[in-house]
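What follows is each chain in one-letter form.
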Amino acid sequence: MSSGTEVEVTLRVDGTPCRLAVDVRTTLLDALRERLGNTSAKKGCDHGQCGACTVLLDGRRVNSCLALAVAHDGAEVVTAAGLAPDGELHPLQRAFIRHDAFQCGYCTPGQIVSAVAMLAEVEAGWPSAVTMGEPAGVGSGGGDGPIVGTLTDDEVRERMSGNLCRCAAYANIVPAVQEVARR
């Protein structure tokens, strides 16, 4: 149902179906934060340059500040909050805590969501600029084993380069990601 510049969309956010009317210019980030009250994804630069707003959109990481909500009617959206159903923290969330991989915490949800997607990309064999076209640092290949091999600290840094941390917690983010990658 559409009225002027408003369109009705349905999203599944962190496992919950949500139906809402949004202006056709509303970003996914603004729909999440302002219309649905989900403040897990943060508004940083609002230009797709910092990664604070990173969410999983149908399983792939995106900067939600660059995605229009109307373009993703029916999509599955997972935020950092959705990675911890019923309060059970995701392994990356626990690793970030153990490694003190945050300071102010503003970028942390986007960092964690991005790291979850990045490890899935590695497991799927997606190359990066560091692997220079070689197969990524995959382990058993079956999706159930650890990600080992060529996943170096440099590759983690390159694959996470779309997520900025103004507090410079990178020295702790990389070991947190590596801990989970080696499991």
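Computed from a predicted model, the values in this text were never measured in an experiment. (Residues numbered from 1 in each chain as written. Predicted model: local features only at pLDDT ≥ 70, side-chain atom pairs only at ≥ 80, totals over all residues. Heavy atoms only, no water.)

### With respect to the nonpolar core
The line we're drawing: Grouping buried Ala, Val, Leu, Ile, Met, Phe, Trp, Tyr and Cys residues that are joined through side-chain atoms within 4.5 Å yields what is termed a nonpolar core. Only protein chains enter the accessibility calculation, which uses a 1.4 Å probe. A residue is then buried if its area is under 20% of the maximum for its type, exposed if over 50%, and partly exposed in between. Helix and strand definitions follow DSSP, with helices as H or I runs of at least four residues and strands as E runs of at least two, each counted in order from the N terminus.
Counting residues in each nonpolar core, the largest one holds 28 residues, and the members touching the most others are L92, F96, M118, L119, V156 and V177. Elements supplying a minimum of two residues to this core: α2 (91–98), α3 (108–123) and α5 (170–181). When residues in this core are grouped by element, the largest group, eight residues, is from α3. Counting residues in each nonpolar core, the second largest holds 19 residues, with L29, A41, C53 and V55 among its members.

### Section: the side chain of D23
This is how the line gets drawn: Under the rule applied, a polar contact is a pair of N or O atoms within 3.5 Å (in protein, one hydrogen donor and one hydrogen acceptor; residues adjacent in sequence only if both atoms are side-chain atoms). It only takes one pair of heavy atoms within 4.5 Å for two residues to be counted as in contact.
Topologically, D23 is positioned in strand β3 (residues 16–23). Within polar-contact distance, the side chain of D23 engages the side chain of T5 at 3.0 Å. Residues in contact with D23, not counting those within four places in the same chain, are T5, E6 and V70.

### Details of the pairing of strand β2 (residues 6–13)
Moving residue by residue along a regular strand, the side chains alternate between the two faces of the sheet. Spelled out, the test is: Pairing between strands is defined by DSSP: at least two bridges between the two strands are required.
By the bridge criterion, eight bridges tie β2 to β3 in an arrangement that is antiparallel. Within β3, the position partnered with V7 by the bridge is V22. Linking β2 back to β3 in an antiparallel pair, the connection comprises two residues, with D14 at a positive phi of about 50°. Of the strand pairs in this sheet, β2 and strand β6 (residues 76–78) are connected by two bridges, and their pairing is parallel. Each bridged residue has a counterpart across the sheet, and for V13 the counterpart in β6 is V77.

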